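Summary of structural features
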Amino acid sequence: MFLPMLKSTAATSLALFASGVHSAPPQTRAALSCSTSSFTNVVTLPGVTVTIQSAVTKSGTYQEAGNLGFPQQIDLLPSLCVVTVKVTNTSDVPTKPQSSYRFGMFLPTAANWNKKIMTVGSASFAGGINWPDMAEPVHYGFATLSTDNGHSSNGSDLSWVTPARLYDWGYRAVHGSVVVGKLLTAHYYGKEPTYSYYSGCSTGGRQGLREIQNDANAFDGALIGAPAWDTVHLMPWISKMAYNRLSNTDGTLGTDQLNLLVDTILAQCDSKDNVTDNVISRPEQCNFDISQIVCSDPTRCLSQAQAQTAMTTWADYTVNGRLASHGFTIGSEDQWPVYFGDTNTLTGFDFSYERLWINNDTSYRWQDYTDQAVLDSEAVNPGQATANRFDISAYRTRGPGKKGGKIMMYHGLADGLIPPKASLQFYNQTMAATGSTLDDMRSWFRFFEVPGMQHCFFTPARFNAPWYFAGSGQATQLRLLPYLGIRPARGDGWSVPNHLNNSSYDALAALVQWVENDKPVDQVIATAFNADFSVNRTRPICPYPQVATHRSGNINDASSWKCV
Ligand SMILES: *[C@@H]1O[C@H](CO)[C@@H](O)[C@H](O)[C@H]1NC(C)=O
Ligand SMILES: *[C@@H]1O[C@H](CO)[C@@H](O)[C@H](O)[C@H]1NC(C)=O
Ligand SMILES: *[C@@H]1O[C@H](CO)[C@@H](O)[C@H](O)[C@H]1NC(C)=O
Ligand SMILES: *[C@@H]1O[C@H](CO)[C@@H](O)[C@H](O)[C@H]1NC(C)=O
Ligand SMILES: *[C@@H]1O[C@H](CO)[C@@H](O)[C@H](O)[C@H]1NC(C)=O
Ligand SMILES: *[C@@H]1O[C@H](CO)[C@@H](O)[C@H](O)[C@H]1NC(C)=O
Ligand SMILES: *[C@@H]1O[C@H](CO)[C@@H](O)[C@H](O)[C@H]1NC(C)=O
Ligand SMILES: *[C@@H]1O[C@H](CO)[C@@H](O)[C@H](O)[C@H]1NC(C)=O
């Protein structure tokens with residue numbers, strides 16, 4: 001059993017806090033110094049080891065050696081204390097193997113601390129503390145944490161699997177990190193955090209939803225991007241696409257065919273919202289007919305087999321007449337090469353899941369894939385990672401004296417890695433399971449579709465859709481990765497360039513306004529930047545079922561649009 005024991009006088013209130021009670025602590029004191037003795041002398045949590053890694057000064061850097069998941073150096077940090085925490089938890093033994101993971105914290109100086117805590121999600125199958133994405137919220141003043149998920153690996157590596165690590169990746173590492181992270185934050189500052197937030201995209205989105213389903217008191221607000229919530233169906237769908245590709249090599253879509261496909265789709269679908277702007281805003285209204293570009297001349301057409309590849313990638317994947325996974329949306333083709341371009345069938349995403357996580361059989365080959373994989377995957381539900389406990393009424397309504405939790409979820413319609421319809425499916429199923437109407441949902445859970453945005457960030461160059469709104473991990477991409485072909489000259493590393501901490505442009509700042517000041521998020525203005533960070537275009541993203549509708553004026557200016 002895991003029992004926090006505190007030598008400090010605030011023990012009672014901290015124990016209450018662990019179960020999510022936001023009562024004021026009986027007494028507060030000055031923050032501790034960024035030194036190991038601050039933790040070892042005062043707090044004793046069984047199975048918890050706290051290590052001070054670094055005291056970063058303003059505009060300083062941090063990089064963790066040996067981090068396979070998130071190796072990047074982060075610069076332009078505010079003054080903060082870098083802490084890592086190793087946790088082992090035996091509560092589940094003997095029904096499940098012992099839990100063991102690390103998490104990291106950025107603790108801003110007391111003067112810069114906004115009195116709140118923020119948990120940041122991971123990506124893909126990565127094992128490692130997500131320091132880069134933790135660097136975004138710390139600029140707002142959050143004490144920020146992220147877990148390594150209990151293993152060490154890059155994002156496309158699934159070979160670390162053991163039953164213990166699966167459960168840790170599935171949900172245990174996030175949950176325990178939030179519980180212990182809140183205790184340590186209160187301990188460090190001598191004051192309990194006032195609010196707890198979450199931000200994550202893709203696997204990070206799944207982790208946030210899974211924790212909300214696990215513990216209604218973990219967060220007060222969550223920013224959830226393109227969640228990989230449906231692990232048991234998403235993974236076989238990825239394998240099925242690879243199977244289609246490998247068993248139909250005549251159907252391989254090369255760069256030329258993909259370009260032809262995207263250009264033809266853009267020409268036919270762009271104006272379905274009555275605005276010709278290179279953004280496919282209403283993909284569901286475009287009854288794209290691929291036969292117009294099927295012929296035997298490969299310089300201007302797709303072959304029948306290539307057309308078949310595209311059609312099976314758009315189509316829902318059904319098994320025994322039941323939906324396994326939604327297919328991809330028209331307009332997502334630019335990102336298909338991420339899966340299609342993987343020629344190695346034994347690493348990455350293709351079949352590692354069936355081979356290592358479901359069948360546990362290293363002789364498994366792509367030829368062994370059948371639809372049975374979906375049923376097997378449902379039966380195994382590795383690590384209980386799938387976030388399908390849709391009745392989160394307890395998060396919505398948290399009892400007397402506590403505000404209900406809020407969720408802002410978003411998904412790019414040009415996402416070629418996780419079908420955007422999976423998010424709508426999640427929204428629909430949560431609506432049904434909580435017995436809510438759409439109006440009820442809008443009071444606590446809003447879903448924003450982002451036309452032209454790919455997976456979590458970016459847009460195809462020929463779309464140039466506004467995709468930047470300080471979504472989870474977006475600032476990291478602006479700052480760390482080549483953007484529009486160049487390494488950016490600047491990028492503050494957080495919020496929205498030119499509009500720092502402005503809730504009109506910044507989804508996280510908007511969520512904070514919703515949670516703390518009951519100001520619902522009616523829209524967020526997304527921005528497309530030029531390489532020099534001048535603004536190219538802006539446009540609102542809208543809470544479902546509303547869509548951005550052009551009223552009058554410059555189509556590249558958000559003020560010409562309304563959510564309708
Ligand atoms: C961000 O804006 C909020 C609301 O206006 C304010 O309370 C907070 O201090 C600001 N934070 C920073 C870091 O500017
Ligand atoms: C990820 O790690 C695996 C296992 O070590 C390795 O085979 C693979 O090449 C790595 N992938 C990348 C993109 O680094
Ligand atoms: C796979 O099988 C081996 C040998 O039986 C076992 O030790 C291991 O725990 C299994 N792995 C998983 C993920 O179940
Ligand atoms: C330890 O694990 C149990 C069971 O999964 C969980 O309820 C508890 O919150 C965990 N505690 C910590 C501090 O991680
Ligand atoms: C586009 O314009 C036509 C003609 O005015 C109108 O019937 C249609 O509803 C409009 N479509 C959208 C999505 O606004
Ligand atoms: C979600 O529900 C709406 C309204 O019932 C429906 O139109 C839509 O098709 C559903 N979408 C998914 C992906 O379940
Ligand atoms: C945020 O941006 C809006 C729209 O441009 C502007 O009206 C408002 O003054 C800004 N808020 C702050 C606090 O700067
Ligand atoms: C916006 O980007 C497009 C494509 O890169 C470019 O052609 C256009 O000039 C830019 N517009 C502005 C106002 O910067």
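In the block above lies the structure referred to throughout.
Residues numbered from 1 in each chain as written. Chains lettered and ligands numbered in written order. Predicted model: local features only at pLDDT ≥ 70, side-chain atom pairs only at ≥ 80, totals over all residues. Heavy atoms only, no water.

Looking only at helices and strands, one finds 16 helices and 19 strands in the protein chain. Radius of gyration (C-alpha) of the protein chain: 23 Å, near the 24 Å computed for a compact globule of 564 residues. Projected onto the principal axes, the alpha-carbon positions of the protein chain cover approximately 80 × 60 × 45 Å. For the protein chain, contacts bridging at least 24 residues in sequence account for 69% of all contacts bridging at least 6. (Helix = DSSP H or I, 4+ residues; strand = E, 2+ residues; numbered from the N terminus. Rg over C-alpha atoms; globule rule 2.2 N^0.38 Å. Contact = heavy atoms within 4.5 Å.)

So, on to the pairing of strand β11 (residues 221–225). Where burial is concerned, most of β11 is hidden: five out of the five residues are buried. On β11, burial covers both faces: Gly221, Leu223 and Gly225 on one face and Ala222 and Ile224 on the other are all buried. Sheet analysis places strand β10 (residues 195–201) next to β11, joined by five bridges and oriented parallel. Across the sheet, Gly200 pairs through a bridge with Ile224, a residue of β11. Each parallel crossover has a hand, and for β10 linked through helix α5 (residues 203–214) to β11 it is right-handed. (Buried < 20%, exposed > 50% of the residue type's maximum accessible area, 1.4 Å probe, protein only. Pairing = 2+ DSSP bridges. Right-handed = clockwise from strand over helix to strand, strands pointing away.)

Moving on, we get to the site of ligand 6. By nearness alone, every residue bordering ligand 6 is listed as His326, Lys421, Leu424, Gln425, Asn428 and Tyr544. One nitrogen or oxygen atom from the side chain of Asn428 is found 2.3 Å from an oxygen atom belonging to ligand 6. Compared with its free state, where it exposes 360 Å², ligand 6 has 46% of that area covered by protein. Here the residues of the shell around ligand 6 are counted per class, giving two nonpolar, three polar and one charged. (Near = heavy atom within 4 Å. Polar contact = N/O pair within 3.5 Å; in protein donor to acceptor, adjacent residues only side chain to side chain. Areas by Shrake-Rupley, 256 points an atom, 1.4 Å probe, with all protein chains shown as cover. Nonpolar A, V, L, I, M, F, W, Y, C, P; charged D, E, K, R; others polar.)

On to the sheet that holds β10, then. Sheet strands pair by backbone hydrogen bonding; their relative direction is either parallel or antiparallel. Across the sheet, 11 strands lie side by side as β3-β6-β7-β9-β8-β10-β11-β14-β15-β17-β16; this open sheet has mixed pairing. The open sheet has two edge strands with one neighbour each: β3 (48–56) and β16 (524–529). Taking the axes of each pair of neighbouring strands and ignoring which way they run, one obtains an average angle of 20° across the sheet. For strand β14 (residues 406–412) and strand β15 (residues 445–450), the ladder comprises six bridges, and the chain directions are parallel. Considered in β15, the bridge of Gly412 is made with Val450. Most of the contacts of helix α3 (residues 131–138) go to strand β7 (residues 99–108), to which it runs at about 35°, and overall it touches β6 (80–89), β7, β8 (116–120) and β9 (143–147). Across the sheet, helix α4 (residues 163–189) is in contact with β3, β6, β7, β8, β9 and β10; its angle to β7 comes to roughly 40°. (Axes fitted to C-alpha atoms, helices over the stretch in contact; angles between N-to-C directions.)

Before going further, it helps to examine the packing of helix α6 (residues 231–247) against helix α11 (residues 372–380). For the pair α6 and α11, the least separation of the axes is 9 Å and the interaxial angle reads 155°. Here α11 runs roughly antiparallel to α6, going by the angle between their axes. Relative to α11, α6 is oriented so that their crossing is right-handed. Contacts from Val232, His233 and Pro236 in α6 reach Ala373, Val374, Ser377 and Glu378 in α11. Residue composition of the contact of α6 with α11, by class: four nonpolar, two polar and one charged. (Parallel < 35°, antiparallel > 145°, perpendicular 65-115°, else oblique. Left-handed = near helix turned anticlockwise from the far one by under 90°.)

Estimated volume of the largest pocket: approximately 770 Å³. The wall of the largest pocket is formed by 42 residues, among which Ala123, Ser124, Ser202, His455 and Phe457 lie closest to the centre. Listing elements by their share of the lining of the largest pocket, those giving two or more residues are α3, β10, α5, α6, α9 (337–340) and α15 (474–480). Of all the elements, α6 adds the most residues to the lining of the largest pocket, at four residues. Tallied by class, the residues present in the lining of the largest pocket amount to 22 nonpolar, 18 polar and two charged. When its volume is computed, the second largest pocket comes out at roughly 380 Å³. For the second largest pocket, the lining is made up of 17 residues, of which Pro283, Glu284, Thr329, Leu413 and Lys421 are closest to its centre. Among the elements that make up the lining of the second largest pocket, the one with the highest residue count is helix α13 (residues 420–433) (three residues). Both domain 2 (196–229 + 387–564) and domain 3 (233–382) contribute no fewer than three residues apiece to the lining of the second largest pocket. (1 Å grid on protein atoms, 1.4 Å probe; cavity = no way out; pocket = protein on both sides within 12 Å on 5 of 7 lines; lining within 4 Å. Points joined across faces, edges and corners; volume = space filled by probe spheres on them. Domains from an automatic or database assignment.)

In this section: the state of the cysteines. Within this structure, the stated rule accounts for five disulfides. Note on cysteine connectivity: Cys269 is disulfide-linked to Cys286, with sulfurs 2.0 Å apart. Disulfide Cys269-Cys286: torsion about the S-S bond near -65°, hence left-handed. Within this pair, whereas Cys269 is found in helix α7 (residues 255–269), its partner Cys286 is found in the loop between α7 and α8 (304–314), the two being separated by 17 residues in sequence. A sulfur-sulfur distance of 2.1 Å marks the disulfide that ties Cys542 to Cys563. Because the sign of the S-S torsion sets the handedness, a value of about -85° for the bond joining Cys542 and Cys563 places this disulfide among the left-handed ones. Taken together, the residues span a long stretch of sequence, with Cys542 in strand β17 (residues 535–543) and Cys563 in strand β19 (residues 561–563) at a distance of 21 residues. Judged by relative accessible area, Cys542 falls into the buried class, the value being 4%. (Disulfide = S-S within 2.5 Å.)

Taken as a whole, this structure holds 40 aromatic pairs when the rule is applied. With a centroid separation of 5.2 Å and an interplanar angle of 75°, the aromatic rings of Trp169 and Trp357 are classed as edge-to-face. Of the two residues, Trp169 is situated in helix α4 and Trp357 in helix α10 (residues 352–358); the sequence distance between them amounts to 188 residues. For Trp169, a relative accessible area of 2% puts it in the buried group. Members of the aromatic cluster, connected to one another through ring pairs, are Trp229, Phe390, Phe426, Tyr427, Trp444, Phe445, Phe447 and Tyr544. Across the ring face of Tyr167, the terminal group of Lys96 is positioned such that the distance to the ring centre comes to 5.2 Å. Positioned over the ring face of Trp514 is Arg446, at 5.5 Å from the centre of the ring. (Phe/Tyr/Trp six-rings, centres within 6.5 Å; stacked < 30°, edge-to-face > 60°. Lys NZ or Arg CZ within 6 Å of the ring centre and 35° of its normal.)

That's the geometry; what it means functionally is another story.
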